[in-house]
Amino acid sequence: MDRVNFTINGKPHSVGRETCSDLSLLEYLRVRCELRGTKYMCREGGCGACVVAAARPGEKQGAVNSCLVSVTSCQDWEITTIEGVGNRLKGYHPIQKTLAKLNGTQCGYCSPGWVMAMYSLLKSNKDISMLEIEKSFGSNICRCTGYRPILEAFKKFASDAPKPDNYMLDIEDLNICKISGKTCRKSNCSESEWCLVEAHDAKEHQKIEIDLKDGRSFSKVYHIDDIFEVLKQKGDDDYMLVAGNTAKGAFPILEYPRVLIDICCVDELKGYHLDQNLVLGAGCTLNDTIEIFKKLAATEDNFWYLQKLQEHLQLVAHIPVRNLGSVAGNLMIKHKHNEFQSDVFLLLETIGAYMTILDSNKQEKKVTIREFLKVDMRSKVILNILLPPLGHDYQFESFKVMPRAQSAHAIVNAAFLYRLDSSSTVKEARIVFGAINPTFVHASKTETFLRGKKLFTNKTLQDSIEVLKTELVVEENPPEPSAKYRNKLAINLFYKGLLALCPDDAVDSQFASGGIVLSRKRPVSKAKQDYTTNPLIYPLNKPVEKVEALIQCAGEAPYSEDLPSCPHEVFGAFVLATVPKGDIDKIDSSKALKHPGVIAFYSADDIPGVNGFTPGLFPKIDYLYLTKEELFCSGSVKYNGHVIGVVVAETRSIAEYAAKLVHVTYKNVTKPVLDVREAMKFPDRKKKAGEHDGTSAGGNLFKLIKGQQAIFAQQHFCMETLVSVAKPTEEGLEVHCTTQHMDLVQMMISRALKMPENKIDVIVRRLGGAYGLKISRSSQVAVASALVAHKLNRPCRIILPFTTLAKAVGKRLPCYSEYEIAVDLFGKIQLCKEFLYMDTGHVIDEPLFLPVLDVYNNCYDKLRWIFLVFSVITDTACNTWCRSPGTLEAIAAVEFILERVAYEMSLDPLTVRLVNLNLTDIELIEMVEKVKHDADYAKRRAAVDKFNKENRWKKKGLRWSLLKWAPFYGQYFDVTMSVYNDDGTVSITHGGIEMGQGLNTKAVQIASHFLGIPMEKIQIKANHTHMTPNSLVSGGSLTSINVGIGVQRCCEILLARLAPLKVGLLNPAWELLVKLAYKASIDLQAHAFVSLFDTQKYEVHGVTLAEVEVDILTGEWELLRVDLLEDAGMSISPSVDVGQVEGAFIMGLGYWTTEHMVYDSDTGEVLTDRPWNYHVPQARDIPQDFRVYFKDKSYSEVRTLGAKSIGEPPICMSVVVPLALREAIASARRDAGKALNEWFQIDGPYTREAIHMHTETDCSDFKFKKKVNPFPF
């Protein structure tokens, strides 16, 4: 048999010899089937956009990452994609409708993946609680919403959801057992029942053998003997056994081996049985293993510890990976990559498990899990795992410290097994750590030392720690956290494990909480949205469902890369510089060009016109671009990742592979300057960009404080990467690209190709997130694709992989501030001198300093503030606009300054802020009082203080941040409104880009209000440079307001034309009025123009209060509650705007805690270039209690209908999180002997490492009892 057969949405599909080894199910769905509702971003199983539902033979349906699945592994699979769940033809699924209704979608790019994850979850388990639902989405990332509305939508399907919120699915949505009438699981029928086996489950399986298109051999086998038979025939020099193929999410596979053998259906490797041991089939998936462990822990007394093992295993990756990844597969990753922090290996080694290895001669060998690492596995198979029974004289505990709550590999993982007698004397100890170094497994010396010792005494604890210190040899492994932190973490986890196991009467209460893992006690999250609306002006100010929400949740909303494949289409991939700074000596593309499927390579020499993707000084307005950036490096490499050229090939995978074959030699290579603090020492790298002088210094000097603060870069992490599809047309080119600035794309293509702008059409329907990345950086991809299309006269598609994006493209700009503050006795600033240094990357192009100049003092007394801002050049990619660019950095710097004043003066931080308020910002006092009342501040403040006094290893923080934010530029937009005479429907085109901010929804609400017609009669059309030429950037939280102005003007123009006709009629229906107007030759199309003359000046104020709890032993934290009050003016669409606030705040939460950029200091290479090592927040990282309030009775001005900017200010308030974390850290430092008013410097994000390393925790303070009675008898 030489075909693989499967179904997609009930329709049969088949692949065979025409297939390559690297064809994933994702690519098959999108390219071969044109089912483009399934999305992607990382292609490593780390983002969740690619999730589909799949049922393997004999198994229940579950979520899988289609990007990880090889299509050749899909034999007999029943695959369901978003198109098969619900659509406009057959109707939408309740999950899709609920997610849309509750505004769980913004840009919408990730929504199909979320729907599929939830759909699969309910297919596999209908009776699921709200807490279980919240725990089930480590697989999925959303950068827009902040997760709250998604979780609230999905929790409505929980079995314990409050009525009438319970949206449990109808019974016909589930598989029903033909015997019992109950939900069918297939995999867990009781022994007393016979399941009616369907035809495809009962058929005799035939081995599949296919010689693939790229020269690889693929075999699918059903028996162990077949594995060895294939190896005998094909050779065992270069092969891979494929179970789930999930390993490539951890260690990407650039080229598959010559022989591929799919073993996922080998029954001898599945299941379990009990003899003296638990014999677990090595081919069991991780989720099957979890279920087996749950069952046996509840029924088999000597396997009680399996409950703890399954809890730990739920921290391994996420559900879609665990649905496919096998126990043996995980262990084989550890075998091949000893540095891999395998939790499976850790747990099995700790409990003393063995494994059975079968060789080609059918000889079985049993080895320990540790011994396995040294076994030559060539032509061998892991048959099963043997887990021993353990009596109740054993105690087990394990930990996994991760950069975020879910779906991340361990910083350090640890497991402990102690066998104790009745007096807690150690009879046996097994202590295992991961992520120490590639060879470290057991703390053997410590294990030996502990035998015969009473475990829960201060002396045993301290003596064993001293032994442990001698054997922990932790190696640096960038971008992983430092060896010093991981060393301390290992010791702390040893102590934490003992605290967790220690009897209550053997430990003081102040230490006992150190054994608690914060994430394990996290409850179901909750939230509140508090705003008032005015029904008299609906649909203005009405909470409505987004106009695109339902089609986004159904995968029917197309994005740029969803454009169907074009005939003769080619693909481009960038070639990047691999040195930090130097000159190109020679580019040799010969090897790449010889690779099958490669068509061309283009570099700077091949550009017919201007080698650039930004224009320098912008012809229309002087604050967008300052310098021309090169499309391709013309000779002088400025940073590691500098784009040198583009390889063109027949497929994307060939292009990306061939790009690595282009050999570039360099000369004059120098070490890079990566840190703004180092670069500012060079005069030629620093340029003053702006300044403000304080005019009224105070004279009551009590204390002078000097300090500095550094904050680092942040990746935009859009779910939709940078994409461009360029097609030759009869006129010139049609370009579909991911841009916030169509005019720039059109202009730069025109200049590069020497082609008139009127021959270039740029089209954007929507963006899958942007946050400033797609203002200018998208132009580089668009111009490159246009160049290829122009050169070859063939359509060209360029899709930047996440790794390329991370290395080649700029980020949020790092900043460094120096300040000197003179304050009086009450903390009132008499004079502040602040210098802000902004890291622009290798060139000063976009003037990111401009937004700073209006908010450099935040809401505090400007008259006493001397401020200078400098642009500084480093040897990194040119940094670019990123959500609230410059303003976040400037406002954060000020909030840290005020916080430091409070610390050093031992004053209340809120009082210090209020005493320094600008007279023009006193409305913040009223806002603070509202939050104080609604947040029950006084009671919680006392509770936090009490908690901190009573706990040594858990601490809380409760802190404020205040905000004044101002927009800093205007926009050019054309808006055209067309009314159709036959039915009175309306269409609108405008120059703004919809990217999740609700722009189109607000435009429809405004038009509906003024025209007096239902929202359903209004349609927003795609952006096109023919209809909306010369549009400026969509960004700065201004686009919805300015497009709204244009829509309102169009309505006024149309209504003015219709007014004379309407006078003679008695309140005519809109449809009749339009028909009569058409017959009267009245123009039913109106055009409006919004320009810089419409620029608004207003201020957005905000107040935020945050409470955190910190695990001092690890640096882990929980965000317990956030109360955020923002002055949003009169919101046009409150539910949309609440989502903007929540999403912005959570993006800021990531910036301040989990998102840590790491570079190689010698090569300048970005090391955090994958979701594997760059961690944005997920659903279990958000506040446990998230309350958003809009200021009541606020109104900006008539032309904006009272609205204010909404999307950017909240991210500036996220600085409250590190401020709250600081309080918790300071409390721990006080317990360690440091003064509470001693300032401690933390630069960059408050990662687990940064938090713990600043607590001054010393293991000499570890103890069970504070005082030991010397006379116990």
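Read on for an overview of the structure. (Residues numbered from 1 in each chain as written. Predicted model: local features only at pLDDT ≥ 70, side-chain atom pairs only at ≥ 80, totals over all residues. Heavy atoms only, no water.)

1. Re the side chain of Gln709
For step 1, the next point in the chain: The topology assignment puts Gln709 in strand β26 (residues 703-711).
For step 2, the next point in the chain: Here the side chain of Gln709 touches Gln1241 through a polar contact of 3.1 Å, side chain to side chain.
For step 3, the next point in the chain: In terms of polar contacts, Gln709 uses its side chain to reach the backbone carbonyl oxygen of Ile1242, at 2.9 Å.
For step 4, the next point in the chain: When sequence neighbours within four positions are dropped, the list of residues in contact with Gln709 reads Cys815, Tyr816, Ser817, Tyr819, Phe896, Gln1241, Ile1242 and Asp1243. (Helix = DSSP H or I, 4+ residues; strand = E, 2+ residues; numbered from the N terminus. Polar contact = N/O pair within 3.5 Å; in protein donor to acceptor, adjacent residues only side chain to side chain. Contact = heavy atoms within 4.5 Å.)

2. Looking at the environment of Ala1086
For step 1, the next point in the chain: Relative to the assigned elements, Ala1086 resides in strand β39 (residues 1085-1090).
For step 2, the next point in the chain: A relative accessible area of 1% means that Ala1086 is categorised as buried.
For step 3, the next point in the chain: Setting aside its immediate chain neighbours within four residues, Ala1086 contacts Val975, Thr976, Met977, Cys1050, Ile1053, Leu1054 and Arg1057. (Buried < 20%, exposed > 50% of the residue type's maximum accessible area, 1.4 Å probe, protein only.)

3. Points about the packing of helix α3 (residues 94-101) against helix α4 (residues 111-124)
For step 1, the next point in the chain: Where α3 contacts α4, the two axes come as close as 10 Å, and the packing angle between them is 130 degrees. Overall, the two elements α3 and α4 adopt an arrangement that is oblique. Classified by chirality, the crossing of α4 by α3 is right-handed. On α4, the residues that touch Ile95, Gln96 and Leu99 of α3 are Ser111, Val115, Met118, Tyr119 and Leu122.
For step 2, the next point in the chain: Looking at the contact of α3 with α4, its residues break down into six nonpolar, two polar and no charged. (Axes fitted to C-alpha atoms, helices over the stretch in contact; angles between N-to-C directions. Parallel < 35°, antiparallel > 145°, perpendicular 65-115°, else oblique. Left-handed = near helix turned anticlockwise from the far one by under 90°. Nonpolar A, V, L, I, M, F, W, Y, C, P; charged D, E, K, R; others polar.)

4. A few points about the nonpolar core
For step 1, the next point in the chain: With 302 residues, the main nonpolar core has Tyr418, Phe433 and Phe494 as its most contacted residues.
For step 2, the next point in the chain: If one sorts the elements of this core by residue count, helix α26 (residues 887-905) sits on top with 12 residues.
For step 3, the next point in the chain: Not counting the four nearest positions on each side in its chain, Tyr418 is found in contact with Asp393, Tyr394, Gln395, Glu428, Ala429, Ile431, Leu450, Leu455, Phe494, Leu498 and Leu501. (Core = buried A, V, L, I, M, F, W, Y, C linked by side-chain atoms within 4.5 Å.)

5. A few points about the sheet that holds strand β17 (residues 426-434)
For step 1, the next point in the chain: Read across the sheet, three strands follow the order β15-β16-β17 without closing on themselves; strand pairing throughout is antiparallel. Edge strands, defined here as strands with exactly one partner in the open sheet, are β15 (394-401) and β17. In this sheet, neighbouring strand axes are inclined to one another by 5 degrees on average, regardless of whether the strands run parallel or antiparallel.
For step 2, the next point in the chain: Here β15 pairs with strand β16 (residues 412-420) via eight bridges, running antiparallel. The partner of Ser398 across the bridge, within β16, is Ala415.
For step 3, the next point in the chain: Against the sheet, helix α17 (residues 483-501) engages β15, β16 and β17, with an angle of about 140 degrees to β15. (Pairing = 2+ DSSP bridges.)

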